[in-house]
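Single-letter residue listing:
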Amino acid sequence: MSEPGTHEFRVTSTEDIHIGRVVGLRVDEVAMPGDGTARREVVEHLGAVAVCAVDDDGAVTLIHQYRHPVRDRLWELPAGLLDVDGEDPVDTAARELVEEAGLAAGRWDTLVEVAASPGFTDEVVRVFLARELRPVDRELHGDEEADLTISTVPLTQAVDMVLSGQIVNGASVAGILAAHTVLSGNHTADGVPRDPRAPWRHRPTTFAARLRDS
């Protein structure tokens, strides 16, 4: 058996179970330490972006929309799938901010990346900080976006909503807390926040490649 931290988890075989419009499900047989194998169910995802849009008064834009898997309306940051082939993630973020919140931004930065649940899915969301905001006409797409409502709250209030359990969406939780940290100056890392086109090591690519090849 190899030393801990050195084993190569090779995929010895794979089986597609379901390939849908937004996600795919496959089962991998993976070589484990000790010469055995284990089956791992993997949900492939396009990946997504979210936008923490903070105005000059320190208020953040939140949307309230229905999410069917949890059967509830959730408070979230504006967000969307990386579903346009070849589009840079920050351009996707800018488009989603217009579509969902009716806002355009003059300054963009990368805040954080969030692996939604890496035990079973490759979904990772990049969260951007958007500033120098101005209103623009919204562009509605789909029935769910027609139902969503838009609110603006102080960033400190959004932090309280996270800590009290009113905001539970993972990317929104991370983005709000990261924005508060960055804008309050409570960080010591150099180069924070990052460039809006900073390298994205864990961006999902498998499902997008399937769509291109189909």
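Residues numbered from 1 in each chain as written. Predicted model: local features only at pLDDT ≥ 70, side-chain atom pairs only at ≥ 80, totals over all residues. Heavy atoms only, no water.

Attention shifts here to the pattern of salt bridges. Under the counting rule described, the total for this entry stands at 17 salt bridges. Among the ionic pairs, arginine 212 bridges to aspartate 85, the shortest N-O distance being 3.4 Å. Of the two residues, arginine 212 sits in helix α5 (residues 206–213) while aspartate 85 sits in the loop between β7 (79–81) and α1 (89–101), which places them 127 residues apart along the sequence. For aspartate 85, a relative accessible area of 59% gives the class exposed. Two residues, aspartate 109 and arginine 107, come together in a salt bridge whose shortest N-O distance is 3.2 Å. Relative accessible area serves as the criterion here: at 8%, aspartate 109 is assigned to the buried category. Taking relative accessible area as the criterion, arginine 107 reaches 37% and is therefore assigned partly exposed. In the salt-bridge network here, residues are joined through shared partners; they are Asp16, Arg26, Asp28, Glu44 and Arg210. (Salt bridge = Lys/Arg side-chain N within 4 Å of Asp/Glu carboxyl O. Helix = DSSP H or I, 4+ residues; strand = E, 2+ residues; numbered from the N terminus. Buried < 20%, exposed > 50% of the residue type's maximum accessible area, 1.4 Å probe, protein only.)

Moving on to the domain arrangement of the protein. According to the domain assignment, the protein consists of domain 1 (10–44) and domain 2 (48–198). Averaged C-alpha coordinates put domain 1 and domain 2 at centres separated by 31 Å. Counting residues at the interface gives five residues for domain 1 and four residues for domain 2. Both faces combined, the contact of domain 1 with domain 2 buries some 350 Å², and carbon together with sulfur accounts for 54% of it. Linking domain 1 to domain 2 there are zero salt bridges. A per-class count over the side of domain 1 that touches domain 2 returns three nonpolar, no polar and two charged. (Domains from an automatic or database assignment. Contact = heavy atoms within 4.5 Å. Buried area = accessible area lost by both parts, 1.4 Å probe. Nonpolar A, V, L, I, M, F, W, Y, C, P; charged D, E, K, R; others polar.)

Before going further, it helps to spend a moment on the side chain of glutamate 29. The topology assignment puts glutamate 29 in strand β2 (residues 23–31). For glutamate 29, which is buried and forms no salt bridge, the nearest opposite charge comes from arginine 39, at a distance of 4.1 Å. Contact partners of glutamate 29, with chain neighbours within four places excluded, come to Arg10, Val11, Thr12, Ser13, Thr37, Ala38 and Arg39. (Lys, Arg positive; Asp, Glu negative; His and termini not counted.)

On to helix α4 (residues 170–184), then. Taking 1.5 Å as the rise per residue, α4 with 15 residues should run 21 Å; its terminal C-alpha atoms sit 21 Å apart, in good agreement. Where α4 is concerned, the buried positions are Ala171, Ser172, Gly175, Ile176, Ala178, Ala179 and Val182. For α4, the elements touching its buried residues are β4 (48–53), β5 (59–67), β6 (72–76), β8 (103–115), β9 (124–135) and α3 (155–163). The N-cap residue of α4 is asparagine 169: its side-chain oxygen and the backbone nitrogen of alanine 171 are 3.2 Å apart. (Expected span 1.5 Å × (residues − 1). Polar contact = N/O pair within 3.5 Å; in protein donor to acceptor, adjacent residues only side chain to side chain.)

Okay, the sheet that holds strand β3 (residues 37–45) next. In spatial order, the strands read β1-β2-β3; together these three strands make up an open sheet with antiparallel pairing. This sheet does not close on itself; its edge strands, each paired only once, are β1 (11–19) and β3. Geometrically, the sheet is characterised by an average inter-axis angle of 20° between neighbouring strands, direction not taken into account. (Pairing = 2+ DSSP bridges. Axes fitted to C-alpha atoms, helices over the stretch in contact; angles between N-to-C directions.)

For the rest of this paragraph, the subject is the layout of surface pockets. In this structure, the largest pocket encloses a volume near 1100 Å³. Surrounding the largest pocket, 33 residues form its lining, His45, Arg67, Glu76, Leu81 and Glu123 being those nearest its centre. Of all the secondary structure elements, the ones that give two or more residues to the lining of the largest pocket are β4, β5, β6, β7, α1, α2 (143–147) and α4. In terms of residues, the lining of the largest pocket owes the most to one element, α1, which gives four residues. The computed volume of the second largest pocket comes to approximately 230 Å³. Residues that form the lining of the second largest pocket fall into these classes: six nonpolar, two polar and five charged. (1 Å grid on protein atoms, 1.4 Å probe; cavity = no way out; pocket = protein on both sides within 12 Å on 5 of 7 lines; lining within 4 Å. Points joined across faces, edges and corners; volume = space filled by probe spheres on them.)

Turning our eyes to something else, we now look at α1. Look at α1: 17 Å from first C-alpha to last across 13 residues, which is about the 18 Å you get at 1.5 Å a residue. Residues Pro89, Val90, Thr92, Ala93, Glu96, Leu97, Val98, Glu99, Glu100 and Ala101 constitute the buried set of α1. Measuring from the backbone nitrogen of valine 90 back to the side-chain oxygen at the start of α1 gives 3.1 Å, which picks out aspartate 88 as the cap.

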